[in-house]
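Structural features, examined
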Amino acid sequence: MIGLIAATAAGAAARDRLAAAWPDRTRVYGGPVADAVRAAFAECDRLVCFLATGAVVRLVAPLLAGKTSDPGVVCVDEAGRFAVSLLGGHGGGANDLAREVGEVLGAEPVVTTATDAVGLPGLDTLGLPVEGDVAAVSRALLDGEAVALRAEVAWPLPPLPVAAEGAYTVRVTDRIAEPVDGEAVLRPPTLVVGVGASKGAPVEEVLGLVEDALREAGLSRASVAELATVDAKSGEPGLVEAARRLGVPLVTYPAGELARVAVPNPSDAPLAAVGTPSVAEAAALVGGGELVVPKRKSAGRPAMATCAVVRRPGRGRLAVVGLGPGARDLLTPRARDELRRASVLVGLDQYVDQIRDLLRPGTRVLESGLGAEEERARTAVAEARRGQAVALIGSGDAGVYAMASPALAEASDDIDVVGVPGVTAALAAGALLGAPLGHDHVSISLSDLHTPWQVIERRVRAAAEADLVVTFYNPRSRGRNWQLPKALAVLAGHRAPGTPVGVVRNASRADESVRLTTLAALDPATVDMMTVVTVGNTATRRIAGRMVTPRGYRWQEEAR
């Protein structure tokens, strides 16, 4: 919950705007300001104070307990010009909150955290438990000193400017390790603990068994991702409470699913009780991984709990990102986030140049020239399989004549794949022309490098007969100069010579050009590969210099 506190009418007006925008996330605190701040500080995860920063500093100073427990605090000035991340920028979420407040109120977010200022991900913002000499390692990263990355388990981290060797170290491990000076230890959630329990098994017995198993195997409790068991035990109090104390979910599976998992230590007892020869080992192994602690029993007499531990490999992450038609303001916020999250960027060299300045320090860039789409797709998938966080970029929308198809054809279910939509060339051109896509429409590529011309021509003919607005991608190049005239001739057999045609080159870029002509007047020689050609249907009209396709055919009927 986000607590909102204001002292003046102007502050209250901005406060109420925020409360209206986030009704389920905020709580307004009234009354004397000092009392309101104290109450919100104790009850909320984050605070937005519509007060001077000096006043907020004095009010919260006596309340501070520690970096890991204090809520994030954001200050907004009386004029609503700035949203200042004052306290708990990373751990308390104030940096992100300042940006969110800025979007709602039109205020400029002010974030002074050192790593944010230079574009580095903070070690305490990666979503992983971190311990050790975090401040010293962060300072070394900021100062450009040599920091080594020791990844004992693969995990898709964001880019970090690390070296092969260095006086400082970022260690990624799920093993018990006492950090040394100059070392920060990240704990990825790689461990799944399968648990079985008799009815009424005490939580102390379950928790003691799990902790003993982890300790004796040299594994860190902080890397436990979940407890797993059979559906029949989903409400067993000892298991539910053990998961709560560990701070992880209790995940359950049907007995039939667990019975199909091959395990080294099956038993007749769970088969008779819940319908599967294994609970602990099978529940831990059902998602794959390495069995690092085979089934063991608790020390009770009789033993009322069993557990097994599996290490699941970190899954690599492939984000297929559409960059839009070229203009920076048409690059979506989600695409920006993925570019900054990726430790490896794969793309066509000219597209990489468009967004190189958005990449974080330490991003590894793998770029290549025209005609290497399949190679880029294979490279991106291979990097993700190595446990990396990868962004594969393309222009427009990644799923439209771009990199999503070859990448997904190459990828299997051993990596996570995220699609990030982008503004397509057809949409960018359509916005410049007016509203040519107001009714049913189709996009057709005239490039016969991957599709036989006979297939392309059949699709053009079908679109012509169906009276669809047609947008031609890849209409003409120096080596392919006859396809566009032939496609236009097919359309001309079904549409009047005066049918509006929009010709847009380099939509949204500095040298964009927009022409509105007709089917009969279009000169194919004026078209190249950087051009999108949109041909209207029988209802499309030119109105006030714009190309408009009505949502229905009423205009056509009225004209008869």
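Provided above is the structure to which this section pertains.
The paragraphs below set out a description of the structure included in this document. Computed from a predicted model, the values in this text were never measured in an experiment.

Turning our attention to the sheet that holds strand E15 (residues 305-311). Spatially, five strands are ordered E13-E12-E11-E15-E14 in an open sheet, and the strand pairing comes out mixed. The open sheet terminates on both sides in strands that have one partner only, identified here as strand E13 (250-253) and strand E14 (290-297). Within this sheet the neighbouring strands show an average axis-to-axis angle of 25°, counted without direction. Both strand E12 (residues 224-230) and E13 contribute to a ladder of four bridges, which runs parallel.

Counting 24 residues, the largest nonpolar core has Val193, Val195, Val210, Leu214, Leu227, Cys307 and Val309 as its most contacted members. Those elements giving two or more residues to this core turn out to be strand E11 (191-197), helix H7 (203-216), E12, helix H8 (237-246) and E15. Here this core takes seven residues from H7, the largest share from any one element. When residues no more than four places from it in sequence are discounted, the contact partners of Val195 are Val210, Leu227, Ala228, Thr229, Leu239, Val279, Ala280, Thr306 and Cys307.

Counted under the stated rule, the structure contains 30 salt bridges. Arg150 serves as the salt-bridge partner of Glu183, at 3.7 Å between the closest nitrogen and oxygen. Here Glu183 is found in strand E10 (residues 183-186), whereas its partner Arg150 is found in strand E8 (residues 147-151), with 33 residues between them in sequence. We classify Arg150 as partly exposed; its relative accessible area is 41%. Between Glu457 and Arg461 there is a salt bridge, with the nearest N and O atoms lying 3.3 Å from each other. Separated by four residues within a single helix, Glu457 and Arg461 lie in helix H17 (residues 453-465), roughly one turn from each other. One connected set of salt bridges, linked through shared partners, spans Arg150, Glu152, Arg171 and Glu183.

It is at 9 Å that the axes of H17 and helix H18 (residues 483-492) come closest, and there the two elements cross at 30°. As summarised for this structure, H17 and H18 are arranged roughly parallel, according to the angle between their axes. In this structure, H17 crosses over H18, and the sense of that crossing is right-handed. In this structure, H17 contributes Trp453, Glu457, Val460, Arg461 and Ala464 to the contact, and H18 contributes Gln483, Lys486, Ala487, Val490 and Leu491.

Of the positions making up helix H6 (residues 134-143), those classed as buried are Val134, Ala136, Val137, Ser138, Ala140 and Leu141. Packed against the buried residues of H6 are strand E7 (130-132), E8, strand E9 (168-172) and E10. Note on H6: the residue one or two positions beyond its end, Gly144, has a positive phi of about 75°.

So, about the packing of H7 against H8. Relative orientation of the contacting elements H7 and H8 amounts to 50°, with a least axis distance of 8 Å. On the basis of the axis angle, H7 is oblique to H8. The two elements H7 and H8 meet at a crossing, and its hand is right-handed. Seen from H7, the contacting residues are Val203, Glu204, Val206, Leu207 and Val210; seen from H8, they are Gly238, Leu239, Glu241, Ala242, Arg245 and Leu246. Here the residues of the contact of H7 with H8 are counted per class, giving seven nonpolar, one polar and three charged.

A few words on the sheet that holds strand E18 (residues 364-368). Taken together, the five strands give an open sheet; going across it, the order is E18-E17-E19-E16-E20, and neighbouring strands pair in parallel fashion. Of all the strands in the sheet, just E18 and strand E20 (416-420) have a single pairing partner and so form its edges. Each strand axis lies, on average, 15° off the axis of its neighbour in the sheet, ignoring direction. Sheet analysis places strand E17 (residues 344-348) next to strand E19 (residues 389-394), joined by three bridges and oriented parallel. Its bridge partner lying in E19, Val344 is registered against Val390.

Mapped onto the fold, Ser198 is located in the loop between E11 and H7. The exposure class assigned to Ser198 is partly exposed, which follows from its relative accessible area of 33%. Separated by 106 residues in the primary sequence, Ser198 and Met304 place their C-alpha atoms 5.1 Å from one another. Setting aside anything within four residues of it in sequence, one finds Ser198 in contact with Lys233, Glu236, Ala303 and Met304.

We now examine the pairing of E18. Examined bridge by bridge, E17 and E18 share five bridges and lie parallel to one another. Bridged to Leu348 within E18 is Ser368. Once you follow E17 into helix H13 (residues 349-355) and on to E18, the crossover reads as right-handed.

On to unusual backbone geometry. Among all residues except glycine, the phi angle is most often negative; among peptide bonds, the trans geometry is most common. Even without a glycine there, the phi angle at Asp467 is positive, about 60°. Following the sequence through the fold, Asp467 ends up in the loop between H17 and strand E23 (469-473). Although it is not a glycine, Ser508 sits at a positive phi angle of roughly 80°. Checked against the element boundaries, Ser508 lands in the loop between strand E24 (500-505) and strand E25 (513-518).

Attention now goes to the pairing of strand E2 (residues 26-29). Relative to E2, strand E1 (residues 2-6) is paired through four bridges, and the arrangement is parallel. For Leu4, the partnering residue across the bridge sits in E2 and is Val28. Handedness of the crossover joining E1 and E2 through helix H1 (residues 9-21): right-handed.

The end-to-end C-alpha distance of helix H4 (residues 94-105), which contains 12 residues, comes to 16 Å, matching closely the 16 Å that a straight helix rising 1.5 Å per residue would cover. One or two steps after H4, the chain reaches Gly106, where phi turns positive at roughly 75°.

In total, this model carries two aromatic pairs according to the counting rule given. Between the aromatic rings of Tyr401 and Tyr473, the centroid separation amounts to 4.8 Å while the plane-to-plane angle is 50°, which identifies the pairing as tilted. With Tyr401 in the loop between E19 and helix H15 (404-410) and Tyr473 in strand E23, this residue pair connects regions lying 72 residues apart in the sequence. Here Trp453 and Trp482 contribute two aromatic rings whose centre-to-centre distance is 5.1 Å and whose plane-to-plane angle is 75°, an arrangement assigned as edge-to-face. Within this pair, whereas Trp453 is found in helix H17, its partner Trp482 is found in the loop between E23 and H18, the two being separated by 29 residues in sequence. Look at Trp453 and you get buried, because its relative accessible area is 9%. Its end group placed over the ring of Trp22, Arg25 keeps NZ or CZ at 4.4 Å from the ring centre.

How each quantity is defined
- Residues numbered from 1 in each chain as written.
- Predicted model: local features only at pLDDT ≥ 70, side-chain atom pairs only at ≥ 80, totals over all residues.
- Heavy atoms only, no water.
- Pairing = 2+ DSSP bridges.
- Helix = DSSP H or I, 4+ residues; strand = E, 2+ residues; numbered from the N terminus.
- Axes fitted to C-alpha atoms, helices over the stretch in contact; angles between N-to-C directions.
- Core = buried A, V, L, I, M, F, W, Y, C linked by side-chain atoms within 4.5 Å.
- Buried < 20%, exposed > 50% of the residue type's maximum accessible area, 1.4 Å probe, protein only.
- Contact = heavy atoms within 4.5 Å.
- Salt bridge = Lys/Arg side-chain N within 4 Å of Asp/Glu carboxyl O.
- Parallel < 35°, antiparallel > 145°, perpendicular 65-115°, else oblique.
- Left-handed = near helix turned anticlockwise from the far one by under 90°.
- Nonpolar A, V, L, I, M, F, W, Y, C, P; charged D, E, K, R; others polar.
- Right-handed = clockwise from strand over helix to strand, strands pointing away.
- Expected span 1.5 Å × (residues − 1).
- Phe/Tyr/Trp six-rings, centres within 6.5 Å; stacked < 30°, edge-to-face > 60°.
- Lys NZ or Arg CZ within 6 Å of the ring centre and 35° of its normal.

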